[in-house]
Amino acid sequence: MTERCFHANQETLSRAVGALPAIGADNVALPAPSALDAAKAAYGALSADEREAFRKWLAEQG
């Protein structure tokens, strides 16, 4: 849904996420996302062409 609604536009998606309120008690730090979660989010923001280029690059990495 996110990709469809924001057309995989990183700037628009970043503004939308930044507008969301923090969830949690005051002065309580939320856990940082794992590197895998961050990679999944970044991959989700790619266009179809960028995803294809990423898949090719990843295959080359072995």
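Conventions we followed
- Residues numbered from 1 in each chain as written.
- Predicted model: local features only at pLDDT ≥ 70, side-chain atom pairs only at ≥ 80, totals over all residues.
- Heavy atoms only, no water.
- pLDDT = per-residue confidence, 0-100.
- Helix = DSSP H or I, 4+ residues; strand = E, 2+ residues; numbered from the N terminus.
- Phe/Tyr/Trp six-rings, centres within 6.5 Å; stacked < 30°, edge-to-face > 60°.
- Patch = residues over 30% accessible without salt bridge, like charges linked within 9 Å, V, L, I, M, F, W, Y side chains within 5 Å.
- Areas by Shrake-Rupley, 256 points an atom, 1.4 Å probe, with all protein chains shown as cover.
- Salt bridge = Lys/Arg side-chain N within 4 Å of Asp/Glu carboxyl O.

## Considerations on the confidence of the model for the protein
For the protein, the mean per-residue pLDDT works out to 78, and 74% of the residues sit at or above 70. When mean pLDDT is taken per element in the protein, helix 4 (residues 48–61) scores highest with 93 and helix 1 (residues 2–6) scores lowest with 55.

## Comments concerning the environment of Ser 47
For Ser 47, the location among the structural elements is in the loop between helix 3 (35–44) and helix 4. In the structure, Ser 47 is positioned 37 residues away from Gln 10 in sequence and 9.8 Å away in space, judged by C-alpha atoms.

## Topic: the packing of aromatic side chains
Counted by the stated rule, this structure contains two aromatic pairs. A network of ring pairs unites the aromatic residues Tyr 43, Phe 54 and Trp 57 as a single cluster.

## Let's talk about a nonpolar patch on the surface
Together, Phe 54, Trp 57 and Leu 58 make up an exposed nonpolar region whose accessible area comes to about 290 Å². Following the sequence through the fold, Leu 58 ends up in helix 4.

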